[in-house]
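Residue-level structure breakdown
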Amino acid sequence: MAILSIIKFPDARLHTIAKAVKVVDERVRTIAQDMIETMYEANGVGLAATQVDIHERIVVVDVSDERNAAQVFINPEIIGQSIEKKEWEEGCLSVPEVYDIVTRPDRVRVRALNLDGEVFEIDCDELLAVCLQHEIDHLNGKVFVQHLSRLKQTRIKSKIKKQAQA
Ligand code: GNR
Ligand code: NI
């Protein structure tokens, strides 16, 4: 068990495209377990492997209030999405203290492998739908601020630079 360190925006490593997991073995299960621990320690609702500098398609999520219902998604894919969109105020552990509205499909169907390497599918709405889309973006090298205007992205970069100086 280990707490991993989270890469902060703007860091080029956050734009790496993660590779598919070929076999779900002990190595992958250990990464997922460490990611769950790291997510809880950071009070996040989700974490993508990209954020801890591991460029493999692994995501962990816990949208429960009790923080005892972690879900693991290996090689997650969005296989269906609603036409209806929804606005949600998003934040990201890689972009501390920045929150802004992103518009995404309201509901998504996701296919992934579990920790036993078995395929499962799940229909998601509300926070789980938002979070899984946010996490799959990370695996594709995309940070949520890239859904915002260039002006906002520039402001966010200078805000983070100031945070780093403080
Ligand atoms: O903790 C998180 N909260 C959150 C809130 C709204 C939309 C997405 C998220 S994900 C974020 C954790 C994180 O950075 N995951 O990549
Ligand atoms: Ni994030």
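What comes next concerns the included structure.

What counts and what doesn't
- Residues numbered from 1 in each chain as written.
- Chains lettered and ligands numbered in written order.
- Predicted model: local features only at pLDDT ≥ 70, side-chain atom pairs only at ≥ 80, totals over all residues.
- Heavy atoms only, no water.
- Helix = DSSP H or I, 4+ residues; strand = E, 2+ residues; numbered from the N terminus.
- Expected span 1.5 Å × (residues − 1).
- Buried < 20%, exposed > 50% of the residue type's maximum accessible area, 1.4 Å probe, protein only.
- Arc of directions from axis to C-beta.
- Contact = heavy atoms within 4.5 Å.
- Donors = N, O, S within 2.8 Å, 3.2 Å for Na, K, Ca; no water.
- Pairing = 2+ DSSP bridges.
- Axes fitted to C-alpha atoms, helices over the stretch in contact; angles between N-to-C directions.

**Some remarks on helix 3 (residues 150–165)**
Along its 16 residues, helix 3 runs 23 Å from first to last C-alpha, staying within 8% of the 22 Å computed at 1.5 Å per residue. Gln 153, Ile 156 and Ile 160 are the residues of helix 3 that are buried. Relative to the axis of helix 3, the buried residues are bounded by an arc of 60° and lie together on one face. Structural note: helix 3 exposes Leu 151, Thr 154, Arg 155, Lys 161, Lys 162 and Gln 165 on the side pointing more than 90 degrees away from its buried face. Buried residues in helix 3 make contact with strand 5 (95–105).

**Topic: the coordination of the nickel ion (ligand 2)**
Protein-derived coordination of the nickel ion (ligand 2) comes from Cys 92 (SG), His 134 (NE2) and His 138 (NE2), at a distance range of 2.1 to 2.3 Å. Motif for the nickel ion (ligand 2), donor spacing along one chain: C-x41-H-x3-H. In this pair, Cys 92 is assigned in strand 4 (residues 85–92) and His 138 in helix 2 (residues 126–139), connecting sequence segments 46 residues apart. Side by side, Cys 92 and His 138 carry an identical accessibility label, which is buried.

**Quick word on the sheet that holds strand 2 (residues 58–61)**
The antiparallel open sheet is built from 5 strands, whose spatial order is 1-2-3-6-7. Every other strand in the sheet has two partners, leaving strand 1 (46–48) and strand 7 (119–124) as the edge strands with one partner each. Pairs of neighbouring strands in the sheet enclose a mean axial angle of 40°, with direction left out of account. Note that strand 1 and strand 2 share 3 bridges and pair antiparallel. Residue pairing across strands places Gly 46 opposite Val 61, the latter belonging to strand 2.

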